[in-house]
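# An overview of the molecular structure
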Amino acid sequence: MKRLLKGGAVASGNGVLRADVLIDGEKIAAVGLNLPEEGAQVEDVTEKLLLPGFVDAHTHFDLDVAGTTTADDFASGTRSALRGGTTTVVDFACPNRGDSLRSALDAWHKKAGGKAACDYGFHMTLVEWNEKVKKELLHMYVNGVTSFKMYMTYPALRMEDADLFRALEEIRDLRALVGVHCENGDVIDALIAQGREKSPNGMGPAFHPLSRPAALEAEAIGRLLRIAQVANCPVNIVHLSSEAGMDEVRAARNRGQRVLVETCPQYLFLDDSVYYEDDFNTAAGCVCAPPLREESDRAALIQALAKGEIQTVCTDHCAFTPEQKAAGREDFTKIPGGLPGVETRGVLLYSNLVDNRRLSIGQMVRVLSENPAKLYGMWPRKGVLAAGSDADIVIYDPEAESVITGADQLSKAGYTPYEGFRTVGAIEKVYLRGTPAVERGKVSDEAKGQFVFRGRPLFNEV
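This text gives an overview of the structure that appears in the document. (Residues numbered from 1 in each chain as written. Predicted model: local features only at pLDDT ≥ 70, side-chain atom pairs only at ≥ 80, totals over all residues. Heavy atoms only, no water.)

## A short note on unusual backbone geometry
Here is the rule we go by: The secondary structure listing takes helices from DSSP runs of H or I that are at least 4 residues long and strands from runs of E that are at least 2 residues long, numbered from the N terminus.
In this structure, Pro290 follows Ala289 across a cis peptide bond, with omega equal to -5°. Tracing the backbone through its elements, the reader meets Pro290 in the loop between helix 10 (280-284) and helix 11 (295-306). Of note, the amide linkage connecting Trp379 to Pro380 takes the cis form, showing an omega dihedral of 0°. Looking at where Pro380 falls in the secondary structure, it is placed in the loop between helix 14 (361-375) and strand 16 (393-403). Of note, the phi angle at Glu47 is positive, near 70°, even though the residue is not glycine. Its place among the elements puts Glu47 in the loop between strand 4 (40-44) and strand 5 (49-52).

Structural data, given as structure tokens:
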């Protein structure tokens, strides 16, 4: 079926141009002025922005963690993502220690297959390093998993420095992308132990930011980047939260290293004052790692984003209900870490950064669509409105407005950390590979996601 979106403003990383978009089946057939209407269903999108479907390369759906399972599986999580304009997610397959990477990949295919409403791919988490894991990396790559993740914190996930180095060398030779969660796990554990000694009667959410200060993120980033320098491997710093961490990235870039940076809406629009709220649910709802930072960190990250120093804004969506969070009422270390965000990312950036001209439309498209598509091996199939690309299209009405509420979210978390945020504009419609998937907030049952077989990361094009 052919559809012609007529009269809109087509956005790319280079800006906005008035153009029509012709969809033929699942693909974009043409973008330009005065495209022929014959045989096409015409949709008037005058005064609307046409954005490439957003790519969220950092989600955690159907993940067993902290003695529970995330509130959102691939069914609810991807419906929430679609409603927010995200047409592709890249989730993290995570093996247990001793398990094969293949078994983890098979498990995540079963979690997502037939359930996902938007398109999806997988990163592979490396929780240990040995010859068995080393031999499996190529198998992951040839099966469309061309990015990996490692942790410098959490006992069950943490990689020691020597193993980090060995893994980086192999990933370098594979020409894959590696993202790293950078916090000094040993010192965090020591700070938590000190907190227990000082507060034997319980530690609430206010202890969370105290146990994971920005200096420990910066130290881990600096250490990782020196190891990566020796390994001669490009790296991606995931969910960067602090000005101090950004300074470490700048130092490495000044040395000539290739360092990519991801941040998240929570670090741009929220701050650590929430942990001191009297209401436990409000404070616990924002317990995540790294934690929310000070107002000065928010300002510094927004400035870095505007300067092009941050390549992607993803969500680290890892949702738990208030009931699940309540497991840590007396001990914050038992609060499952993470918060919901896939549904609000695009409208938050537009409302808080584009509308007040801190970011351009082109910059927003780059960090939400183009750059993640390039870095995660999906360009130009995803991330751009161009002939031959998938017809993943967000129709945005800049004249609409609304208020974000937890009650209105499709996530099963049951709340949003952005409760009461007023929005400028609204997502009017979303196309997924040419099929109307969302219209005025309603997700169609016809929305069916597919696994995206990803290719080589394009490090030098972001």
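Next comes the rest of the account.
## Thoughts on the packing of aromatic side chains
Going by this rule: Under the pairing criterion, centres of Phe, Tyr and Trp rings, with the six-membered ring standing for Trp, must be within 6.5 Å; the plane angle then separates stacked pairs below 30 degrees from edge-to-face pairs above 60, leaving the rest tilted. Note on criteria: charge over ring means Lys NZ or Arg CZ within 6 Å of the ring centre, with the direction from the centre no more than 35 degrees off the ring normal.
Applying the stated rule across the entire model yields nine aromatic pairs. Consider the rings of Tyr120 and Phe451, whose centres lie 6.0 Å apart with planes at 55°: the pair is tilted. Here Phe451 lies in the segment after strand 19 (442-443) and Tyr120 lies in strand 10 (residues 119-125), a separation of 331 residues in the sequence. Within the aromatic cluster, the residues linked to one another by ring pairs are Phe61, Phe74, Tyr120, Phe122 and Phe451. The residue whose ring lies beneath Lys149 is Phe92, and the NZ or CZ to ring-centre distance is 4.5 Å. Over the face of the ring belonging to Trp379 we find Lys374, whose NZ or CZ atom lies 4.5 Å from the ring centre.

## Details of the packing of helix 3 (residues 131-142) against helix 4 (residues 161-174)
We count it as follows: Note on geometry: axes are C-alpha line fits, over the in-contact stretch for helices, and angles between N-to-C directions span 0 to 180 degrees. The handedness criterion is simple: a crossing whose near helix is rotated anticlockwise from the far helix by less than a right angle is left-handed, and one whose near helix is rotated clockwise is right-handed. Should any heavy atoms of two residues lie within 4.5 Å, those residues are considered in contact.
Packing of helix 3 against helix 4 brings their axes to within 11 Å, and their N-to-C directions diverge by 35°. For the crossing formed where helix 3 meets helix 4, the hand is right-handed. Between helix 3 and helix 4, the contacting residues are Lys134, Leu137, Leu138 and Tyr141 on the first element and Glu170, Ile171 and Leu174 on the second.

## Observations concerning the sheet that holds strand 15 (residues 312-313)
To keep things clear, this is the line we draw: When DSSP finds two or more bridges between two strands, those strands count as paired.
Spatial strand order, 6-9-10-11-12-13-14-15: eight strands in an open sheet with parallel pairing. The open sheet has two free edges, formed respectively by strand 6 (54-59) and strand 15, since each of these has just one partner strand. Alignment of strand 13 (residues 235-237) against strand 14 (residues 259-263), held across three bridges, turns out to be parallel. Each residue of the ladder has a partner; that of Ile237, found in strand 14, is Val261. Running at roughly 115° to strand 6, helix 13 (residues 345-354) makes contact with strand 6, strand 9 (86-93) and strand 15 of the sheet.

## Concerning the environment of Met124
With respect to the helices and strands, Met124 occurs in strand 10. Between the C-alpha atom of Met124 and that of Pro95, which follows or precedes it by 29 residues, the distance is 8.3 Å. Those residues within four positions of Met124 in sequence are excluded, and the remaining contacts are Ala93, Pro95, Leu101, Ala104, Leu105, Met140, Val145, Ser147, Phe148 and Lys149.

## Let's talk about the pattern of salt bridges
Formally: A pair is scored as a salt bridge if a Lys or Arg side-chain nitrogen falls within 4 Å of a carboxyl oxygen belonging to Asp or Glu. Burial here depends on accessible area, computed with a 1.4 Å probe over protein chains only, as a share of the maximum for the residue type. Under 20% is buried, over 50% is exposed, and the range in between is partly exposed.
Enumeration according to the criterion identifies 31 salt bridges in this entry. Where Asp173 meets Arg172, a salt bridge forms, and the shortest distance between an N and an O atom there is 2.9 Å. Taking the relative accessible area as the measure of exposure, Asp173 reaches 53% and is therefore exposed. The partner of Glu401 in a salt bridge is Arg422, and the shortest N-O contact between them spans 3.9 Å. Taken as a pair, Glu401 in strand 16 and Arg422 in strand 17 (residues 422-432) lie far apart in primary sequence, 21 residues in all. By relative accessible area, Arg422 is classed as exposed at 57%.

## Quick notes on the packing of helix 7 (residues 214-231) against helix 8 (residues 243-254)
Put simply, the test is: Any angle between 65 and 115 degrees counts as roughly perpendicular, while under 35 counts as roughly parallel, over 145 as roughly antiparallel, and the rest as oblique. Residues are grouped as follows: Ala, Val, Leu, Ile, Met, Phe, Trp, Tyr, Cys and Pro are nonpolar; Asp, Glu, Lys and Arg are charged; every other residue, Gly included, is polar.
Taken N-terminus to C-terminus, the directions of helix 7 and helix 8 make an angle of 20°; their axes are 8 Å apart at the nearest point. By the angle class used here, helix 7 and helix 8 are roughly parallel. In this structure, helix 7 crosses over helix 8, and the sense of that crossing is right-handed. Contacts between helix 7 and helix 8 involve Ala218, Ile221, Gly222 and Leu225 from the former and Ala244, Gly245, Glu248, Val249 and Ala252 from the latter. In terms of residue class, the contact of helix 7 with helix 8 is made up of six nonpolar, two polar and one charged.

## Describing the side chain of Gln324
Worth spelling out the cut-off: Here a polar contact is recorded for every N or O atom pair within 3.5 Å, except that within protein the pair must consist of a potential hydrogen donor and a potential acceptor, and residues adjacent in sequence are included only if both atoms are side-chain atoms.
Checked against the element boundaries, Gln324 lands in helix 12 (residues 322-325). Within polar-contact distance, the side chain of Gln324 engages the side chain of Thr68 at 2.7 Å. Not counting chain neighbours up to four residues away, the residues in contact with Gln324 comprise Thr68, Thr69, Ala71 and Pro336.

## A short note on the environment of Thr78
With respect to the helices, strands and loops of the structure, Thr78 is situated in helix 1 (residues 74-83). With 264 residues separating them along the chain, Thr78 and Val342 place their C-alpha atoms 8.3 Å apart. Here Thr78 is in contact with Phe61, Asp73, Val89, Lys115, Ala116, Ala117 and Cys118, once residues within four sequence places are set aside. Side-chain polar atoms of Thr78 contact the backbone oxygen of Ala75, separated by 3.4 Å.

## Points about the nonpolar core
Threshold: Throughout this description, the term nonpolar core refers to a set of buried Ala, Val, Leu, Ile, Met, Phe, Trp, Tyr and Cys residues connected via side-chain atoms within 4.5 Å.
Judged by nonpolar contacts, the single largest core of 112 residues is most densely connected at Leu51, Leu82, Met124, Leu126, Phe148, Leu168 and Ile237. Here this core gets eight residues from one element, more than from any other, and that element is helix 7. In terms of nonpolar packing, the next biggest core, distinct from the first, is built from 13 residues, Ala19, Val21, Val45 and Tyr431 among them.

## A closer look at the environment of Ser241
Within the secondary structure layout, Ser241 lies in the loop between strand 13 and helix 8. In this structure the C-alpha to C-alpha distance between Ser241 and Leu339, which are 98 residues apart in sequence, comes to 15 Å. Looking at Ser241, its side chain comes within polar contact range of the side chain of Arg293, at 2.9 Å.

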